[in-house]
Amino acid sequence: MAKEHIYSSTDLPQRTAQVVAAKMIQAIAARGRCYCALSGGSSPEPMLQALADQTLPWEKVVLLMVDERLTDDANAQNQTMLNRFIERIPGSKPQLITLFENEPPDKACIMANHKVSDCPTQLDIIVLGMGMDGHTASLFPDANEFQTAMGCKDRYVTVMPTEAPYQRLSMSFHWIAQASELLLYIPGADKLHCFHSITSSADSISPINTLNAQCPQLSVYSSKD
Ligand SMILES: O=C1O[C@H](COP(=O)(O)O)[C@@H](O)[C@H](O)[C@H]1O
């Protein structure tokens, strides 16, 4: 069962950024490098602004993407927000392994798996988000590829949600579940309530329930206001 860290909405981004930075410093001290995967969507932006202000040897950080939307619309791509975050970091920059390619999804997925083939199986930190439909990463229970995405050993998989827009590339559940630290960053009472209602319904196929049940390293960062 995930440990919950609940702050005021004003404090949450800064508190979470401090935790992520501390874990990055720990990983760099232990292995000389930190591999951290970040989610997209709109929720992480304030936390990433606070993270950009943290003093650390950013050149030793490799950033991966939890997922990407395969669309030409740069405003909808998750890499746009992550590039904005990197631009805000003063001085040396982390490396970002992007996923978007102007290629059909299957080919983009092969390329994505190739790009991360040198990354460790156990990433140091993954910051996950959650949609109000209960998806995390781009693991959408309504997608045809859902069972494959939850069960296969590939690092990235293709997913086409039926309700949400855009063809996606997503980290597979298998790769996510092996990370040393998993932070579920879900600001606001609505998302916290959604998390609680999913995790209290034992028969839900939501990936949030699978994470909560199978990943003792999962912690939730949220706010009630
Ligand atoms: O589509 C996505 O949704 C989730 C949640 O996004 P948010 O806008 O509600 O924060 C996100 O975690 C995921 O990376 C993204 O592709």
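Scroll up for the structure.
Residues numbered from 1 in each chain as written. Predicted model: local features only at pLDDT ≥ 70, side-chain atom pairs only at ≥ 80, totals over all residues. Heavy atoms only, no water.

Asker: Summarise the pattern of salt bridges; cite the residues concerned and give the values.
Answerer: For the structure shown, the criterion picks out six salt bridges. The salt bridge involving Arg-88 is made with Glu-45; its shortest N-O contact spans 3.5 Å. Residue Arg-88 is found in helix α3 (residues 78-88), and its partner Glu-45 is found in helix α2 (residues 45-52); the two are separated by 43 residues along the sequence. Residue Glu-103 is joined to Lys-107 by a salt bridge in which the shortest nitrogen-to-oxygen separation is 3.7 Å. (Salt bridge = Lys/Arg side-chain N within 4 Å of Asp/Glu carboxyl O. Helix = DSSP H or I, 4+ residues; strand = E, 2+ residues; numbered from the N terminus.)

Asker: Pulling in residues and values, what's your account of the sheet that holds strand β4 (residues 67-69)?
Answerer: The three strands are arranged β4-β8-β7 in an open sheet whose pairing can be described as antiparallel. Bordering the open sheet on either side are β4 and β7 (156-159), each of which pairs with just one other strand. Each neighbouring strand pair of the sheet contributes to a mean axis angle of 20°, computed without reference to strand direction. Alignment of β4 against strand β8 (residues 168-171), held across three bridges, turns out to be antiparallel. Among the inter-strand pairings, Glu-68 is bridged to a residue of β8, identified as Leu-169. In the packing of helix α4 (residues 105-115) onto the sheet, contacts are made with β7 and β8, and the angle to β7 comes to roughly 160°. (Pairing = 2+ DSSP bridges. Axes fitted to C-alpha atoms, helices over the stretch in contact; angles between N-to-C directions. Contact = heavy atoms within 4.5 Å.)

Asker: Let's hear about helix α1 (residues 12-31): which residues, and what values?
Answerer: Here α1 spans 28 Å end to end across 20 residues, near enough to the 28 Å set by a 1.5 Å rise per residue. What α1 keeps buried is the set Leu-12, Pro-13, Thr-16, Ala-17, Val-19, Val-20, Ala-21, Met-24, Ala-27 and Ile-28. (Expected span 1.5 Å × (residues − 1). Buried < 20%, exposed > 50% of the residue type's maximum accessible area, 1.4 Å probe, protein only.)

Asker: Please provide a residue-by-residue account of the packing of α1 against α2, values included.
Answerer: At a minimum axis separation of 8 Å, α1 and α2 run at an interaxial angle of 55°. In terms of orientation, α1 and α2 fall into the oblique class. Where α1 crosses over α2, the two elements pack in a sense that is right-handed. Facing Pro-13, Gln-14, Thr-16, Ala-17, Val-20, Ala-21 and Met-24 of α1, the residues of α2 in contact are Pro-46, Met-47, Ala-50 and Leu-51. A breakdown of the residues in the contact of α1 with α2 according to their chemical character gives nine nonpolar, two polar and no charged. (Parallel < 35°, antiparallel > 145°, perpendicular 65-115°, else oblique. Left-handed = near helix turned anticlockwise from the far one by under 90°. Nonpolar A, V, L, I, M, F, W, Y, C, P; charged D, E, K, R; others polar.)

Asker: Give a description of the side chain of Thr-16 that names residues and reports values.
Answerer: Note that Thr-16 resides in helix α1. Taking the relative accessible area as the measure of exposure, Thr-16 reaches 0% and is therefore buried. Among all residues touching Thr-16, those that are not within four sequence positions of it are Met-47, Leu-183, Tyr-185 and Tyr-221.

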